[in-house]
Amino acid sequence: MVKIAVIGSSSMDLVVTSTKRPGAGETVLGEAFKTVPGGKGANQAVAAARLGADVYMIGCVGDDHYGKAIIQNFEENGVTTDYVEPVTHMESGTAHIILAEGDNSIVFVKGANDAITPDYVQKARAIVEQADIVMIQQEIPVETVEYAAELCQELGVPLLLNPAPARPISESVLEKAAYITPNEHEAALLFAGISQEEALKKYPEKVFITEGKRGVRYFNGENEVLVPSYPVEAVDTTGAGDTFNAALAVALAEGKTIEESLRFANRAASLSVTKFGAQGGMPSRKEVEESL
Ligand code: RIB
């Protein structure tokens with residue numbers, strides 16, 4: 001069983017389903033409202049655990065009702081929470097999601113995720129050191145991402161950086177990460193000034209650009225390759241990227257080839273969109289293997 005440490009956000013997702021997305025200044029009638037666990041870090045931790053990894057979450061929640069529910073959800077999914085600290089000075093992170101017209105819009109409020117400082121991660125150094133791979137995203141402070149990249153390099157542990165949501169990242173973090181998984185919008189920001197093709201060539205078998213329904217693109221040292229995704233009837237695409245990242249990390253840590261890992265990740269992500277909620281459709285290992 002591979003060991004994965006996730007340094008990242010946790011939140012409660014407040015999800016409204018509506019037939020129409022309101023424009024600025026407009027009110028529309030929604031159809032349903034639900035609260036479900038989310039946050040890119042937490043989603044990736046839960047997805048990796050369902051795929052059979054031994055997962056350690058390094059994160060923070062508020063000392064509140066949502067915080068307790070988030071920790072309980074980790075425990076129900078077999079994610080180790082020794083380094084998920086309830087903090088008293090900030091509320092749990094929340095994501096405000098509208099599901100309408102076949103896609104989502106999300107406003108993420110970091111809350112307690114801002115307490116995931118470099119010092120906080122330093123306390124979990126032993127977990128990072130023992131991990132086969134570390135996953136990180138960008139709903140936490142920028143200094144923490146920088147510190148984690150340094151720490152992973154120092155300890156010789158591969159870091160999978162999911163640069164979501166989009167924000168600029170220093171060249172030194174890009175160099176230190178072992179794998180980077182932007183979508184097209186994030187890639188345009190990360191590699192401003194060069195084309196997507198040049199960015200892929202610059203980082204062979206390291207940068208994987210996800211293109212939604214089309215699949216994922218990378219450079220294998222000789223050619224640019226598109227590994228296609230699997231067509232499915234999507235109910236809710238929230239968390240598909242997180243499932244992709246988690247499955248990719250699990251497969252790479254298990255020693256699968258890049259191509260096999262990307263196929264496995266695409267399959268897991270395609271299954272994840274068939275149910276409501278970021279974590280609702282995240283598949284088990286058996287479900288992915290049976291459908292491959
Ligand atoms: O990637 C999906 C996640 O992004 C949601 O669960 C929400 O919490 C936002 O952070």
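For clarity, every value in this text was computed on a predicted model and none was experimentally measured.

Undergrad: How would you summarise the sheet that holds strand β2 (residues 11-17) if you had to cite specific residues and measurements?
TA: Taken in spatial order, the 4 strands line up as β3-β2-β6-β7 in an open sheet, and their pairing is mixed. The open sheet terminates on both sides in strands that have one partner only, identified here as β3 (32-38) and β7 (103-109). Put simply, the sheet's adjacent strands are angled 20° from each other on average, direction ignored. One ladder, built from 7 bridges, connects strand β6 (residues 94-100) with β7; its direction is antiparallel. What sits directly across from A95, in β7, is F108. On the sheet, helix α2 (residues 65-76) packs against β2, β3 and β6 and is oriented at approximately 100° with respect to β2.

Undergrad: Lay out the UniProt feature "binding site: ATP" (unreviewed entry) in the protein chain with the relevant residues and their values.
TA: Sequence positions flagged by UniProt for "binding site: ATP" (unreviewed entry) are, in local numbering, N183, T210, E211, G212, K213, R214, G215, G241, D242 and N266. Within the secondary structure layout, G212 lies in the loop between β11 (209-210) and β12 (215-219).

Undergrad: Provide a residue-level description of the site of the ligand, including the pertinent values.
TA: In the neighbourhood of the ligand, 14 residues make up the surrounding shell, with D13, G39, K40, E139 and D242 lying closest. Relative to its unbound accessible surface of 280 Å², the ligand loses 95% to contact with the protein. Taken together, the elements giving at least two residues each to the shell around the ligand come down to β2, α1 (40-50) and β7.

Undergrad: Explain the side chain of K206 residue by residue, including any values.
TA: Here K206 shows up in the loop between α8 (196-202) and β11. Buried and unpaired, K206 has no salt bridge, with E175 as the nearest side chain of opposite charge at 4.9 Å. A polar side-chain atom of K206 sits 2.6 Å from the main-chain carbonyl oxygen of L174. Dropping the residues within four chain positions of it, K206 is found in contact with L174, E175, K176, A177, A178, Y179 and I180.

Undergrad: Account for unusual backbone geometry, with residues named and values stated.
TA: Note the cis peptide between A164 and P165, where omega equals -5°. With respect to the helices, strands and loops of the structure, P165 is situated in the loop between β9 (159-161) and α6 (171-176). Here E101, not a glycine, exhibits a phi torsion of approximately 50°, which is positive. Considering the arrangement of structural elements, one finds E101 in the loop between β6 and β7. Of note in this structure, E205 is not a glycine but carries a positive phi near 55°. Mapped onto the fold, E205 is located in the loop between α8 and β11. Relative accessible area serves as the criterion here: at 34%, E205 is assigned to the partly exposed category.

Conventions used here
- Residues numbered from 1 in each chain as written.
- Predicted model: local features only at pLDDT ≥ 70, side-chain atom pairs only at ≥ 80, totals over all residues.
- Heavy atoms only, no water.
- Pairing = 2+ DSSP bridges.
- Helix = DSSP H or I, 4+ residues; strand = E, 2+ residues; numbered from the N terminus.
- Axes fitted to C-alpha atoms, helices over the stretch in contact; angles between N-to-C directions.
- Contact = heavy atoms within 4.5 Å.
- UniProt positions renumbered as here; feature names shortened; annotations may be inferred.
- Near = heavy atom within 4 Å.
- Areas by Shrake-Rupley, 256 points an atom, 1.4 Å probe, with all protein chains shown as cover.
- Buried < 20%, exposed > 50% of the residue type's maximum accessible area, 1.4 Å probe, protein only.
- Lys, Arg positive; Asp, Glu negative; His and termini not counted.
- Salt bridge = Lys/Arg side-chain N within 4 Å of Asp/Glu carboxyl O.
- Polar contact = N/O pair within 3.5 Å; in protein donor to acceptor, adjacent residues only side chain to side chain.

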